[in-house]
Amino acid sequence: MADDDDIELALIEAQDAEYRRTFVPPVPLPDDVLRAAAGSDDVFVRWQLGAYPFVLPADVFLALIDDPEEAVRESTVRHWAATTSQLELALALRPELEEQLILHDHAPRRLMDRRPVGVADGPLRQRYLDQHGASEAERSKFQSLCDDCPSEEQLNVTLGDLWEIVHTG
């Protein structure tokens, strides 16, 4: 006979299968189901939470960042819906994940400063400028610098490099 954890994990799998079959946007799962998945003995179940399309509860995110399995921690760091405060927490607990966090769209500003221009699209650049409280003139100059950055330099020049040019004149 199945226990409660088995039933809850079956619900996660059923919802995933239904989503893949119909392409209907998923519905947030109850926090207790997410907690059960985060505490599962099955590494694959915990790893899959990195693809959960909604913000994870803080305690679930924390459990996954502190998971003994590296694949689970890395999946969690790549969780696209993770908030900036969750990523700050991840960085505090797992400084070794810093290089991956630089590439997250919700990375803290000090990490976004180190993000290469070549992996920052228009909306991400706007979010970065919002974090800096950029004026319209600064935004325009920053965008021009991004556009003028030679393609061979786009992985070496960072958003912070260009912001420094804009900000210091």
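Bear in mind that the values here come from a model prediction, so they are computed numbers and not experimental data.

Report on the overall build of the protein chain, specifying residues and quantitative values.
Within the protein chain one finds 11 helices and 0 strands. Moving toward the C terminus, one meets the helices and strands of the protein chain in the order α-α-α-α-α-α-α-α-α-α-α. Long-range contacts, defined here as pairs at least 24 residues apart, represent 49% of the contacts in the protein chain between residues at least 6 apart. Just so you have it, the protein chain exposes about 9600 Å², and 55% of that area is on carbon and sulfur atoms.

Run through helix α6 (residues 84-93), naming residues and quoting values.
Every buried residue belonging to α6 is among Q86, L87, A90 and L91, and all of these are buried. Down the axis of α6, the buried set is contained in an arc of 140 degrees. They therefore lie on one face. What points out from α6, more than 90 degrees from its buried face, is the exposed set S85 and A92. The inward-facing, buried residues of α6 abut α4 (58-65), α5 (70-77), α7 (98-102) and α8 (109-112).

Let's hear about the side chain of S75: which residues, and what values?
For S75, the location among the structural elements is in helix α5. A residue is classified by how much of its surface remains accessible, and S75, at 6% relative accessible area, is buried.

Explain the side chain of R115 residue by residue, including any values.
On the secondary structure map, R115 appears in the loop between α8 and α9 (122-132). According to the relative accessible area criterion, R115 is buried, its value standing at 5%. Of note is the side chain of R115, whose polar atom sits 3.4 Å from the backbone oxygen of H104. Discounting chain neighbours no more than four positions away, the residues touching R115 are I102, L103, H104, D105, A120, L124, V157, T158 and L159.

Residues and numbers for the pattern of salt bridges, please.
Per the counting criterion, the structure on display carries 9 salt bridges. The shortest N-O distance in the salt bridge between R94 and D66 comes to 3.4 Å. Of this pair, R94 sits in the loop between α6 and α7 while D66 sits in the loop between α4 and α5, and the two are 28 residues apart along the sequence. A salt bridge links R115 to D105, with the shortest nitrogen-to-oxygen separation between them at 3.4 Å. Taken as a pair, R115 in the loop between α8 and α9 and D105 in the loop between α7 and α8 lie far apart in primary sequence, 10 residues in all. Residue class for D105 comes out partly exposed when judged on its relative accessible area of 37%.

Explain α5 residue by residue, including any values.
Within the sequence span of α5, burial applies to V72, R73, S75, T76 and V77. Where the residues of α5 are buried, they touch α3 (43-48), α4, α6 and α7.

An account of the packing of α4 against α5 is needed here, citing residue identities and associated values.
Between α4 and α5, the shortest axis-to-axis distance is 8 Å and the interhelical angle comes to 135 degrees. By the angle class used here, α4 and α5 are oblique. Mapping the contact onto sequence places F61, L64 and I65 in α4 and V72, R73, T76 and V77 in α5. When grouped by side-chain class, the residues that make up the contact of α4 with α5 number 5 nonpolar, 1 polar and 1 charged.

Which residues make up the packing of α4 against α6, and what are the values?
Axes are the key here: two packed helices are described by the angle between their axes and the distance separating the axes. Their axes nearest at 10 Å, the elements α4 and α6 cross at an angle of 30 degrees. Considered as vectors, α4 and α6 are oriented roughly parallel to each other. Crossing angle aside, the handedness with which α4 passes α6 is right-handed. For the pair α4 and α6, contact is made by A58, F61, L62 and I65 and by Q86, L87, L89, A90 and L93, respectively.

Conventions and cut-offs
Residues numbered from 1 in each chain as written. Predicted model: local features only at pLDDT ≥ 70, side-chain atom pairs only at ≥ 80, totals over all residues. Heavy atoms only, no water. Helix = DSSP H or I, 4+ residues; strand = E, 2+ residues; numbered from the N terminus. Contact = heavy atoms within 4.5 Å. Areas by Shrake-Rupley, 256 points an atom, 1.4 Å probe, with all protein chains shown as cover. Buried < 20%, exposed > 50% of the residue type's maximum accessible area, 1.4 Å probe, protein only. Arc of directions from axis to C-beta. Polar contact = N/O pair within 3.5 Å; in protein donor to acceptor, adjacent residues only side chain to side chain. Salt bridge = Lys/Arg side-chain N within 4 Å of Asp/Glu carboxyl O. Axes fitted to C-alpha atoms, helices over the stretch in contact; angles between N-to-C directions. Parallel < 35°, antiparallel > 145°, perpendicular 65-115°, else oblique. Nonpolar A, V, L, I, M, F, W, Y, C, P; charged D, E, K, R; others polar. Left-handed = near helix turned anticlockwise from the far one by under 90°.

These results come straight from atomic positions and should not be treated as a statement about function.
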